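# A structural walkthrough
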Amino acid sequence: MPTSQIILMAIFGIVVIAWGIRQDMKNHKKEKAARQARGDTGI
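Residues numbered from 1 in each chain as written. Predicted model: local features only at pLDDT ≥ 70, side-chain atom pairs only at ≥ 80, totals over all residues. Heavy atoms only, no water.

## Topic: the overall build of the protein
Across its full length, the protein holds 1 helix and 0 strands. A buried classification covers 0% of the 43 residues belonging to the protein. Accessible surface computed for the protein: about 4200 Å², of which carbon and sulfur atoms make up 67%. (Helix = DSSP H or I, 4+ residues; strand = E, 2+ residues; numbered from the N terminus. Buried < 20%, exposed > 50% of the residue type's maximum accessible area, 1.4 Å probe, protein only. Areas by Shrake-Rupley, 256 points an atom, 1.4 Å probe, with all protein chains shown as cover.)

## Some points on helix α1 (residues 3–38)
Taking 1.5 Å as the rise per residue, α1 with 36 residues should run 52 Å; its terminal C-alpha atoms sit 53 Å apart, in good agreement. In the stretch just after α1, G39 is the one whose phi turns positive, near 75 degrees. (Expected span 1.5 Å × (residues − 1).)

## Digging into the pattern of salt bridges
The full count for this structure, using the stated rule, is 1 salt bridge. In this structure, the salt-bridge partner of E31 is R35, at a minimum N-O distance of 3.9 Å. Taken as a pair, E31 and R35 lie in helix α1 at a separation of 4 residues, close to a single helical turn. (Salt bridge = Lys/Arg side-chain N within 4 Å of Asp/Glu carboxyl O.)

## Here's the deal with a nonpolar patch on the surface
A surface patch of nonpolar side chains, about 270 Å² in accessible area, is lined by I7, I11 and V15. With respect to the element layout, V15 can be found in helix α1. By relative accessible area, which is 49% here, V15 ends up partly exposed. (Patch = residues over 30% accessible without salt bridge, like charges linked within 9 Å, V, L, I, M, F, W, Y side chains within 5 Å.)

Here it is as structure tokens:
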């Protein structure tokens, strides 16, 4: 496999992981807000 292909795959992997983390953080904020609105402090 050429080096350029490995580099592209690595970049793509990092982008996908970063996007996943961003989505996860968004969901976490929504969950936290929903929990506060219900007055539920359970972990």
